[in-house]
Amino acid sequence: MLEKLMRRKTAETNVSLPEQIALVKSRKIPAHVAIIMDGNGRWAKKRNLPRIAGHHEGMKTVRKITRVANDLGIKVLTLYAFSTENWKRPKMEIDFLMKLPGEFLSTYLPELIEQNVKVEMIGNFNVLPDHTKKAIQRAMEATASNDGMTLNFAMNYGSRLELIECVKEIANQAANGEIDVSDIDESFIDSHLMTAHLPEPDLLIRTSGEVRLSNFMLWQLAYAEFSFTDVLWPDFDEQCMLNEIREFQSRSRRFGNVERDGDV
Ligand code: FPP
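1. Side note on the sheet that holds strand E2 (residues 76-83)
Part 1: Taken together, the 6 strands give an open sheet; going across it, the order is E3-E4-E2-E1-E5-E6, and neighbouring strands pair in parallel fashion. In this open sheet, the two edge strands, each paired with only one partner strand, are strand E3 (118-122) and strand E6 (225-228). For this sheet, the mean angle separating the axes of adjacent strands, direction not counted, is 20 degrees.
Part 2: Pairing geometry for strand E5 (residues 203-206) and E6, over 4 bridges, is parallel. Note on E6: the bridge partner recorded for Ile205 is Ser227.
Part 3: Relative to the sheet, helix H6 (residues 130-143) contacts E3 and strand E4 (150-157), its axis offset from that of E3 by approximately 135 degrees.

2. A short note on the layout of surface pockets
Part 1: If you add up the space inside the largest pocket, you get close to 650 Å³.
Part 2: Forming the walls of the largest pocket are 30 residues, and the residues nearest its centre are Met37, Asn40, Tyr80, Ala81 and Phe82.
Part 3: Mapped by element, the contributors of at least two residues to the lining of the largest pocket are helix H3 (40-46), helix H4 (51-72), E2, helix H5 (91-114) and E4.
Part 4: Across the lining of the largest pocket, the residue classes break down as 16 nonpolar, 8 polar and 6 charged.

3. Re H4
Part 1: Taking 1.5 Å per residue as the helical rise, H4 with its 22 residues ought to reach 32 Å, and the 31 Å between its terminal C-alpha atoms agrees with that figure.
Part 2: After H4 finishes, the residue Gly73 shows a positive phi value of roughly 85 degrees.

4. Some words on the side chain of Glu120
Part 1: Mapped onto the secondary structure, Glu120 falls in strand E3.
Part 2: The class for Glu120 is buried, based on a relative accessible area of 14%.
Part 3: Within the structure, the side chain of Glu120 is placed 2.6 Å from the side chain of His197, a separation counted as a polar contact.
Part 4: Those residues in contact with Glu120 that sit more than four places away from it in its chain are Met140, Thr150, Leu151, Asn152, Phe153, His197 and Leu198.

5. Structural notes on a negative patch on the surface
Part 1: Together, Asp180, Asp183, Asp185, Glu186 and Glu200 line one region of the surface with negative charge.
Part 2: With respect to the helices and strands, Asp185 occurs in the loop between helix H7 (159-175) and helix H8 (186-190).
Part 3: Under the relative-accessibility criterion, Asp185 is labelled partly exposed at 41%.

6. So, the pattern of salt bridges
Part 1: As enumerated under the stated definition, the model contains 16 salt bridges in all.
Part 2: In this structure, Arg42 engages Asp38 in a salt bridge whose closest nitrogen and oxygen atoms are separated by 3.5 Å.
Part 3: Under the relative-accessibility criterion, Asp38 is labelled buried at 17%.
Part 4: Among the ionic contacts, a cluster of salt bridges with common partners joins Asp38, Arg42, Arg206, Glu210 and Arg212.

So, how was this worked out
- Residues numbered from 1 in each chain as written.
- Predicted model: local features only at pLDDT ≥ 70, side-chain atom pairs only at ≥ 80, totals over all residues.
- Heavy atoms only, no water.
- Pairing = 2+ DSSP bridges.
- Helix = DSSP H or I, 4+ residues; strand = E, 2+ residues; numbered from the N terminus.
- Axes fitted to C-alpha atoms, helices over the stretch in contact; angles between N-to-C directions.
- Contact = heavy atoms within 4.5 Å.
- 1 Å grid on protein atoms, 1.4 Å probe; cavity = no way out; pocket = protein on both sides within 12 Å on 5 of 7 lines; lining within 4 Å.
- Points joined across faces, edges and corners; volume = space filled by probe spheres on them.
- Nonpolar A, V, L, I, M, F, W, Y, C, P; charged D, E, K, R; others polar.
- Expected span 1.5 Å × (residues − 1).
- Buried < 20%, exposed > 50% of the residue type's maximum accessible area, 1.4 Å probe, protein only.
- Polar contact = N/O pair within 3.5 Å; in protein donor to acceptor, adjacent residues only side chain to side chain.
- Patch = residues over 30% accessible without salt bridge, like charges linked within 9 Å, V, L, I, M, F, W, Y side chains within 5 Å.
- Areas by Shrake-Rupley, 256 points an atom, 1.4 Å probe, with all protein chains shown as cover.
- Salt bridge = Lys/Arg side-chain N within 4 Å of Asp/Glu carboxyl O.
- Lys, Arg positive; Asp, Glu negative; His and termini not counted.
- Charge placed at Lys NZ, Arg CZ, Asp CG, Glu CD.

Below, the structure written as structure tokens:
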């Protein structure tokens, strides 16, 4: 009852962000939120700007959403920053996207450290340009002992490639007699994925109105709640994130069971 009243109050009056955060935090928070950050190009086009201007603005959104996610007590925030398919884009755009981790991390690393955020990455690291690798490596090292939220960049990530690598590794182990085929179950596969050390995502958000997964965490998202919003990534702000978490809190997750999980 109190919650219903508070929800109405939040909707009807100008409740400050910290008050809203406190209210949202009083209910179950998703441990892992994964976001497909989409719409940078359209955001730029609407303003007659080059696509890279949209990506640059999108980088600022990464900062905002990292901060609010951390404030909310989300344990892992995975952001799809560059897919294995994004190499098909014009070279100039790829070069720009590869420079963004460097710019982001050199600008915001001190505040990530101050917020106790740990930077990690999933994806094929080896083929990234040296300057991109260096920036990510430096941030990962500088934040390795932080035990607050994990900010996990999916960079040169593709779920099918991840699954192919996983299958190859398991097949080799079986061929070498290190494992028995009967050892292969869900947790065994989990342990061979790039996300082995992370909880599986509870919530997937995709911005910009597109309704597809684009080769993102196909195995890991099996039981996640999905939310697709029309907001373009550069316009996605703290209020949008809070609305998404509230929407998640209103869902009834059943994990294949008939019982409704009243909490979330
Ligand atoms: C998709 O939008 C977005 C990307 C491929 C890049 C996402 C990258 C960022 C938001 C910045 C990342 C920041 C860091 C720190 C790594 P789109 O270009 O496909 O948009 P469109 O569909 O409107 O053309």
